[in-house]
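Now for the letters of each chain:
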Amino acid sequence: MKRIKAKIWCLLLLLMVIHQGVGKTQDRAFRLGFQTGPMVSWINSNDNLIIKNGGNLGLKLGTTADIFFSESYSLSLGCHLGFHQGGEFQYEIGGNFLPESDLSDPILNSGDKPLPDGVRIRYRLQYLEIPVGLKLRSKEIGYIRYYVEAPIFTFSVLTRGRGDIETSDFSFEKENIYKDLVVPNVFWGLGAGLEYAISQHNSLVAGLYFQSGLFDFTRDKGHRARPNPDVIPAYILEKENSRATVSNLTLRLGIIF
């Protein structure tokens, strides 16, 4: 919690410093803002033996900047933190899926099949995000402008990776699985919402945003142990080479200066 608070204060401080430095230019073509909001996140796999089994509730917050080409068109930039992204997978065939991780009990990633069939792993991911998008705004209708932002490409760095491991016999929470996750990722997305003017230069903002990862967020260093009664031990090791992606839907609430 202390680390989260420190990161929030750093983002706020950065916003204040930038705002002081460019405040005189905001009447021309530059606006800054702060946004936060709840997020629903989920994960998908292209392997039919890895079953999606629920998502995560999280939070996203950060700073935004609009660089206008005209009254209606702008380049939208940002710096965000996305907390508790991810979701849960159920692995129909067990194996050793976290071989590189520093787990609290070595038995969880030792040997050929430390995790049994049906094991569930909930991924809890935290990303530092740099989104870049194009924004189209409507003309002002009363105090309101509507906008659409698309496409949005978000360059992300994984700053924290935790996992909950659960079977019918044991349960481990908040295990450090960072070493079995891919650090960089790129998301594509889009969003839409409205701006409500509360003064000549300040507006309240509300919008709904979707984004989906383009790359596998797991390193695929592990393997599954498929049952086979014709060999000893009674299974065959297969490299776990699935493509797992993370997506989220965020309600953004904020203010633009």
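1. Some words on unusual backbone geometry
Residues apart from glycine generally show negative phi values, whereas peptide bonds are mostly found in trans.
At step 1: Backbone torsion omega between A150 and P151 reads -10 degrees, so that peptide bond is classified as cis.
At step 2: Within the element layout of this structure, P151 appears in strand β6 (residues 144-166).
At step 3: If you check the backbone angles, K174 has positive phi at about 55 degrees while not being a glycine.
At step 4: With respect to the helices and strands, the residue K174 is situated in strand β7 (residues 171-176).
At step 5: Phi at D220 is positive, roughly 60 degrees, even though this residue is not glycine.
At step 6: Along the chain, D220 turns up in the loop between β9 (203-213) and β10 (223-227).
At step 7: On the accessibility criterion, D220 (11% relative accessible area) is buried.

2. Describing the pairing of strand β8 (residues 184-197)
At step 1: Where β6 and β8 come together, 12 bridges link them in antiparallel fashion. Residue pairing in the sheet places F155 in a bridge with V186 of β8.
At step 2: Note that β8 and β9 share 11 bridges and pair antiparallel. Considered in β9, the bridge of W188 is made with S212.
At step 3: Following β8, the chain reverses through five residues before pairing antiparallel with β9.

3. What about a nonpolar patch on the surface?
At step 1: Where nonpolar side chains cluster on the molecular surface, the patch consists of I130, F153, F155, W188, L190, L214 and F215 and spans about 630 Å² of accessible area.
At step 2: With respect to the helices and strands, W188 occurs in strand β8.

4. Notes on the sheet that holds β10
At step 1: Within the open sheet, the three strands sit side by side as β4-β10-β11. Their pairing is antiparallel. One side of each edge strand has no neighbouring strand; the edge strands of this open sheet are β4 (95-96) and β11 (235-239).

5. A word on the packing of aromatic side chains
At step 1: Taken as a whole, this structure holds nine aromatic pairs when the rule is applied.
At step 2: Relative to F217, the ring of Y123 lies with its centre 5.4 Å away and its plane at 80 degrees, an arrangement referred to as edge-to-face. Within this pair, whereas Y123 is found in strand β5 (residues 119-137), its partner F217 is found in the loop between β9 and β10, the two being separated by 94 residues in sequence.
At step 3: Note on F217: relative accessible area 1%, which makes it buried.
At step 4: Its guanidinium or amino end placed over the ring of Y147, K135 lies 4.8 Å from that ring's centre, counting from NZ or CZ.
At step 5: Lying over the aromatic face of Y209, R252 brings its terminal NZ or CZ to 3.7 Å of the ring centre.

6. Looking at the pattern of salt bridges
At step 1: This structure, assessed with the given rule, holds 13 salt bridges.
At step 2: Residue D66 is joined to K135 by a salt bridge in which the shortest nitrogen-to-oxygen separation is 3.2 Å. Of this pair, D66 sits in strand β2 (residues 50-68) while K135 is found in strand β5, placing the two residues 69 residues apart along the sequence. The burial state of D66 is the same as that of K135; both residues are buried.
At step 3: Two residues, E88 and R122, come together in a salt bridge whose shortest N-O distance is 3.6 Å. Taken together, the residues span a long stretch of sequence, with E88 in strand β3 (residues 73-91) and R122 in strand β5 at a distance of 34 residues.
At step 4: A relative accessible area of 9% places E88 in the buried class.
At step 5: Bridged by salt links that share partners, the residues D47, R224, R226 and E238 form one connected network.

Conventions and cut-offs
- Each chain has its residues counted from 1, following the order in which its sequence is written.
- Local features in this predicted model are restricted to residues of pLDDT 70 or higher, and side-chain atom pairs are both shown and tallied only at a pLDDT of 80 or more, whereas totals for entire chains, interfaces and linings draw on every residue.
- The side-chain values count all of the structure's non-hydrogen atoms but skip hydrogen atoms and water molecules.
- Helix and strand labels come from DSSP, where a helix needs a run of H or I of at least four residues and a strand needs a run of E of at least two; each type is numbered from the N terminus.
- In this scheme, a residue with accessible area under 20% of its type's maximum is buried, one over 50% is exposed, and one in between is partly exposed, where area comes from a 1.4 Å probe on protein chains only.
- One requirement defines pairing of two strands: DSSP has to find at least two bridges between them.
- Here the term patch refers to residues with relative accessible area over 30% and no salt bridge, with like charges joined within 9 Å and nonpolar side chains (Val, Leu, Ile, Met, Phe, Trp, Tyr) within 5 Å.
- The accessible surface values rely on the Shrake-Rupley method and a 1.4 Å probe; as for residues, cover is taken only from the protein chains in view.
- A pairing counts as a salt bridge when a side-chain nitrogen of Lys or Arg comes within 4 Å of a carboxyl oxygen of Asp or Glu.
- Each pair of aromatic rings taken from Phe, Tyr and Trp, with Trp reduced to its six-membered ring, is defined by centres within 6.5 Å and is described as stacked if the planes are under 30 degrees apart, edge-to-face if over 60, and tilted in the remaining cases.
- Lysine and arginine charges are scored as sitting over a ring when NZ or CZ, respectively, is within 6 Å of the ring centre and within 35 degrees of the ring normal.

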